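Report on the structure
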Amino acid sequence: MIGQIIFIILLSAAGYMAFKRFQFVRRNILLGRDVKIEGESSDRWGTMIRVALGQGKMFSRPIAAIFHLFLYVGFVIINIEVIEIVLDGVLGQHRLFHGIGPIYNWLMASFEVLAFLVILGCVVFLYRRNIAKLARFHWREMTNWPKSDANIILFTEIALMSAFLSMNAAESILAARGIEHYVNLGTLPISQFVTPFLDGCSDGMLIFVERFCWWFHIIGILAFIVYLSYSKHLHILLAFPNTYYSKLRPAGALDNMSNVTNEVKLMMDPAAQVVEDPLAPKKFGAKDVADLTWVQLMNAYSCTECGRCTSQCPANQTGKLLSPRKIMMDTRDRMEEVGRCMDAGVSYDNKSLLGDYITFEELWACTSCNACTEACPININPLEIIIDLRRYLMMEESQSPESITTMLTNIENNGAPWAFAQADRGNWTQE
Amino acid sequence: MAEFQVRTMADCMAAGETPEVLFWVGCAGSFDDRAKKITKAIANILHKANVSFAILGSEESCTGDPAKRAGNEFLFQMMAMQNIEVMNAYEVKKIVTGCPHCFNTLKNEYPALGGNYEVMHHTQLIQDLIADGKLSIEGGAFKGKKITFHDPCYLGRGNGEYEAPRALIQKLDAELVEMKRCKTNGLCCGAGGAQMFKEAEKGNKEVNIERTEDALAIQPNVIATGCPFCNTMMTDGVKHFEQEHVIAVKDIAELIAEAGEL
Ligand code: HEM
Ligand code: SF4
Ligand code: SF4
């Protein structure tokens, strides 16, 4: 009975904390401006199924993809077990679903195989981060927190899966010893290798181990859910909406700024008929997170910090300051900062994404080559944020490299980026 | 161009004709000495295949691509609207470009401003001409030569066209060799996003040098390009390594024109 009460309190507390955090994240994303979602929803579902559900873009790096697939499938399926744990906890039952028949043992056996694969995946991921020190996990923006974030999750998953396996092992021995309550799970593929370590224990000790692992497992999962929202692991949820809302048009196409269209039309013909676009932003370009669209902000919360974008970026590979992953991490950090300030009722205007987080030098190193958008396994688009920030620099602050100003003046005056006369454009036909 | 006269849309209109295709030359293609050779090769191919085409000549302007990517949407839209006005007045339906940046902008960014055309990159049109039997490549000038293709970002990743240029290289009976980074993984030449018109930001290498190293690693006879800016960047890269006598940098259109002895 006490156990039930503690369990319900823990469950409610975790539920409440997770709810508050997810509300915070949602509110921050909705700081972004609204945007018209183009294209058919069937195409969007297709993208989501291919890229998120089917992990379609992960496989350009097959080793990472396979071990991630273990984590992904393992995590999703083993969570069926969590339903049982929660019901047991609330109702004060033990292995509630065991009554469903032999399929229970079969399910438990397959969960064990998956748990083993999850552990294997985590070990490999820890190895490539901390021992093999894969370059993409160690760039400038990978400071202490992003590095620990990944390790925390990997260690936690190993601990959770080990608890699950030890729990099954203790259960099997107790059942074999004929102790009341404990159920025969049949021959389990993985935990049978754990039983020899526990065989020498007294009944009391085993009961303690079984209960300890049970509590550890469920508390761990509850903590994980709360932790998710603080971490890059939000991707396990946001990867789905993020791919759904990702761009369907060709990567080369940049959006048309409708607020500019109206001004240009009136400039060229003061009598022109213009239609106000209700979604058109007030500013030209983006200075801070609220000037970006909510889809761009969701991108930032979805980023796994895997660095595939940066490892393909021509600017980054040739030693420039620009890193598309940092663009996403900065956007997220700034969004969290704005969110915290709003909640505390203090001003956040003394800083902005442009300048305080992302600098002129980074923005101007981008060649708009789309290597980053192509590389991203969850269809994040760092380039469009870069362009929006450049737009603000250019149109609101008239800031650009000197040679760019010259180039633009040439275009304006003679219709070409160089100082050649437009009248001479056809001269090549005579040469 | 001695063999025939390239006409402008204005010439055609005066003669009461409507050409099927507008050849959008682009700024580099009009003014850069190296790129003009590519322009002429394209014009020759179109002529040889009996395509009814014309250029805008002095009525063409920058599409606005570098302005848009530099963040100056005002200037971009001004250029775009002027160009659209001109093209719509000539009732342009189909455009072929010699530059992937013009191609991308005309195809993807003009419709929102009232410019709706069928836009093709020159490698796509040439591929169609060959498929339709309007153009054939006889001469074996490149037979057995090792040719690699450097994907322009705005043709490849930007618009998903990886095959047309490669199919043309194969038509030359040449050996198509790929750099370690190619197609979706291709590395930019460093010119896009208005970088062409400025000094690179501080770093430890120029992007075109990094890319040229990819090409040198596979020792091709020719680096084929599909963009006048890539062409400049790769030519500079090859010169940097003093390989210009060993490796030629040529646009696909030039290869086709040379092979057909146009
Ligand atoms: C729903 C269950 C999922 C779980 C439990 C999960 C778990 C994880 C974990 C633990 C990592 C950390 C690896 C590390 O940083 O060392 C990771 C990385 C990653 N995840 Fe997931 N993930 C899930 C779903 C997804 C989905 C749907 C996608 C979409 C494609 C995705 C894409 C990624 C990517 C791109 C990385 C970085 C991989 C790399 O560094 O190579 N994940 N995931
Ligand atoms: S588009 Fe810009 S940020 Fe993205 S890979 Fe290319 S240069 Fe880097
Ligand atoms: S933007 Fe995409 S590719 Fe880049 S670090 Fe984030 S998840 Fe990885």
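Computed from a prediction, not measured in an experiment: that's the story for all the values here. (Residues numbered from 1 in each chain as written. Chains lettered and ligands numbered in written order. Predicted model: local features only at pLDDT ≥ 70, side-chain atom pairs only at ≥ 80, totals over all residues. Heavy atoms only, no water.)

Residues and elements named next belong to chain A. The iron atom of ligand 1 binds to the protein through His68 (NE2) and His235 (NE2), with metal-donor distances spanning 1.9 to 2.0 Å. Coordination geometry of the iron atom of ligand 1: the 6 donor atoms subtend angles of 85 to 180° at the metal centre, consistent with an arrangement described as octahedral. Residue His68 is located in helix H3 (residues 62-91), and its partner His235 is located in helix H8 (residues 235-244); the two are separated by 167 residues in the primary sequence. Classification of His235 as buried rests on a relative accessible area of 14%. (Donors = N, O, S within 2.8 Å, 3.2 Å for Na, K, Ca; no water. Tetrahedral: all angles 85-135°; square planar, octahedral: opposite > 155°, others 65-115°. Helix = DSSP H or I, 4+ residues; strand = E, 2+ residues; numbered from the N terminus. Buried < 20%, exposed > 50% of the residue type's maximum accessible area, 1.4 Å probe, protein only.)

Residues and elements named next belong to chain A. In the region of ligand 2, 13 residues are neighbours, and Cys313, Cys366, Thr367, Cys369 and Cys372 sit closest. When contributions to the shell around ligand 2 are tallied by element, the ones reaching two or more residues are helix H16 (371-375) and helix H17 (382-396). Here the residues of the shell around ligand 2 sort into 10 nonpolar, 3 polar and no charged. (Near = heavy atom within 4 Å. Nonpolar A, V, L, I, M, F, W, Y, C, P; charged D, E, K, R; others polar.)

Before going further, it helps to spend a moment on the domain arrangement of chain A. Residues and elements named next belong to chain A. When cut into domains, chain A gives domain 1 (2-30 + 61-244) and domain 2 (258-400). Once you take the C-alpha centre of each, domain 1 and domain 2 turn out to be 37 Å apart. The interface of domain 1 with domain 2 comprises 27 residues on the first partner and 32 residues on the second. Of the roughly 2500 Å² buried between domain 1 and domain 2 on both sides combined, carbon and sulfur atoms contribute 54%. If you sort the residues of domain 1 by the area they bury against domain 2, Ile29, Glu141 and Asn242 come out on top, with a joint share of 24%. For the pair domain 1 and domain 2, the interface holds 3 salt bridges. Among the salt bridges present, the one from Asp343 reaches Arg27, with a minimum N-O distance of 3.1 Å. Across the domain 1-domain 2 interface, the total number found is 15 residue pairs in polar contact (both at pLDDT 80 or more). Among the secondary structure elements, those contributing two or more residues to the side of domain 1 that touches domain 2 are helix H1 (2-29) and H8. (Domains from an automatic or database assignment. Contact = heavy atoms within 4.5 Å. Buried area = accessible area lost by both parts, 1.4 Å probe. Salt bridge = Lys/Arg side-chain N within 4 Å of Asp/Glu carboxyl O. Polar contact = N/O pair within 3.5 Å; in protein donor to acceptor, adjacent residues only side chain to side chain.)

A few words on the packing of aromatic side chains. All names here are of chain A. For the coordinates displayed, the defined rule picks out 19 aromatic pairs over all chains. Residues Trp45 and Tyr244 carry aromatic rings whose centres are separated by 5.4 Å and whose planes lie at 70° to one another, so their mutual orientation is edge-to-face. Residue Trp45 is located in helix H2 (residues 41-53), and its partner Tyr244 is located in helix H8; the two are separated by 199 residues in the primary sequence. Look at Tyr244 and you get buried, because its relative accessible area is 15%. Of the aromatic side chains, those joined through ring pairs into one cluster are Trp45, Tyr244, Tyr245 and Trp294. Across from the ring centre of Tyr230, 3.8 Å away, lies the NZ or CZ of Arg21, which sits over that ring. (Phe/Tyr/Trp six-rings, centres within 6.5 Å; stacked < 30°, edge-to-face > 60°. Lys NZ or Arg CZ within 6 Å of the ring centre and 35° of its normal.)

To continue, consider the site of ligand 3. All names here are of chain A. Taken together, the neighbourhood of ligand 3 is formed by Cys303, Thr304, Glu305, Cys306, Gly307, Arg308, Cys309, Arg325, Met328, Cys376, Pro377 and Ile380. Listed by contribution, the elements that provide at least two residues to the shell around ligand 3 are helix H11 (308-312) and helix H13 (324-344). Residue composition of the shell around ligand 3, by class: 7 nonpolar, 2 polar and 3 charged.

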